[in-house]
Amino acid sequence: MDFFYIGIIVLLSFIISILIRKIYAIKKNHQRKLTELYQKLALLNSVTKQDELKLQLNQDFSTKIENAKLRLNEDIFDLQMDVFRKISEN
C-alpha cells in the first residue's frame with residue numbers, strides 16, 4: 001500500500017514538473033512576443049512622427065505658396081494700376 005502512495009506522489013511530482021516547464025515555456029514565449037510587439041510599436045511611432053512632420057511641412061509649404069500667390073496677385077494689380085495711370089496721364 002505504501003508503494004501505491006509513493007507511486008502516486010512520484011506521478012504527481014512528475015506531472016507538476018511538466019506543468020511548471022510548460023508554464024515557463026509559455027511565459028518565455030509571451031515575453032518574446034511582447035518584445036516583438038514593443039519593437040513594432042516603436043517603429044510605428046517613429047513612422048507616425050515622420051509622417052506628421054512631413055504633413056506639417058506640406059501644410060506650411062502650401063500656406064507659403066498661397067501667401068506668395070496673393071502677394072503676386074497684389075503686385076500684378078498694383079503694376080496694372082500704375083500702367084493705367086501712366087497711360088491716362090499721357
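You'll find the structure just up there.
Summarised in this report is the structure supplied together with it.

The subject of this paragraph is the overall build of the protein chain. Of regular secondary structure, the protein chain possesses one helix and zero strands. Whereas a compact globule of 90 residues would reach a radius of gyration of roughly 12 Å, the protein chain reaches 38 Å, over 25% beyond that. If you line up the protein chain on its principal axes, its C-alpha atoms span 130 × 15 × 5 Å. Put simply, the protein chain has 90 residues, and 0% of those count as buried. Just so you have it, the protein chain exposes about 9000 Å², and 66% of that area is on carbon and sulfur atoms. The protein chain carries 14 positive and 11 negative side-chain charges, and their two centres are separated by 19 Å.

Moving on to the packing of aromatic side chains. The final tally for this structure, using the stated rule, is one aromatic pair. Ring geometry for Phe-4 versus Tyr-5: centroids 5.8 Å apart, planes at 65 degrees, classification edge-to-face.

Together, Met-1, Phe-4, Tyr-5, Ile-8, Leu-11, Leu-12, Phe-14, Ile-15, Ile-16, Ile-18, Leu-19 and Ile-20 give the surface a local cluster of nonpolar side chains, amounting to about 1200 Å² of exposed area. Mapped onto the secondary structure, Met-1 falls in the segment before α1 (2–89). On the basis of relative accessible area, Met-1 is assigned to the exposed category, the value being 70%.

All right, on to the environment of Ile-9 then. For Ile-9, the location among the structural elements is in helix α1. A residue is classified by how much of its surface remains accessible, and Ile-9, at 54% relative accessible area, is exposed. Put simply, Ile-9 and Gln-50 are 41 residues apart on the chain and 61 Å apart in space, counted from C-alpha to C-alpha.

Rules of the game
- In every chain, residue numbers begin from 1 and rise along the written sequence.
- Side-chain atom pairs in this predicted model are given and counted only at pLDDT of 80 or more, local residue features only at pLDDT of at least 70, and totals for whole chains, interfaces and linings cover all residues.
- Side-chain numbers come from the whole structure's heavy atoms, not from hydrogens or water.
- Strands here are runs of E lasting at least two residues and helices are runs of H or I lasting at least four, both read from the DSSP assignment and numbered beginning at the N terminus.
- As defined in this context, the radius of gyration uses C-alpha atoms, and a globule is described by 2.2 Å times the residue total to the power 0.38.
- Only protein chains enter the calculation, and the probe is 1.4 Å; a residue is then buried if its accessible area is under 20% of its type maximum, exposed if over 50%, and partly exposed in between.
- For accessible areas, the Shrake-Rupley method is used with a probe of radius 1.4 Å. Any residue's cover is judged against the shown protein chains and nothing else.
- In this tally Asp and Glu are treated as negative and Lys and Arg as positive; neither His nor the chain ends contributes.
- One atom stands in for each charge, and that atom is NZ of Lys, CZ of Arg, CG of Asp or CD of Glu.
- Aromatic contacts are taken between Phe, Tyr and Trp rings whose centres are within 6.5 Å, Trp giving its six-membered ring; a plane angle under 30 degrees counts as stacked, one over 60 as edge-to-face, and the others as tilted.
- Nonpolar side chains (Val, Leu, Ile, Met, Phe, Trp, Tyr) within 5 Å and like charges within 9 Å form the patches, drawn only from residues with over 30% relative accessible area and no salt bridge.
- Between Lys or Arg on one side and Asp or Glu on the other, a salt bridge is scored when a side-chain nitrogen of the former is within 4 Å of a carboxyl oxygen of the latter.

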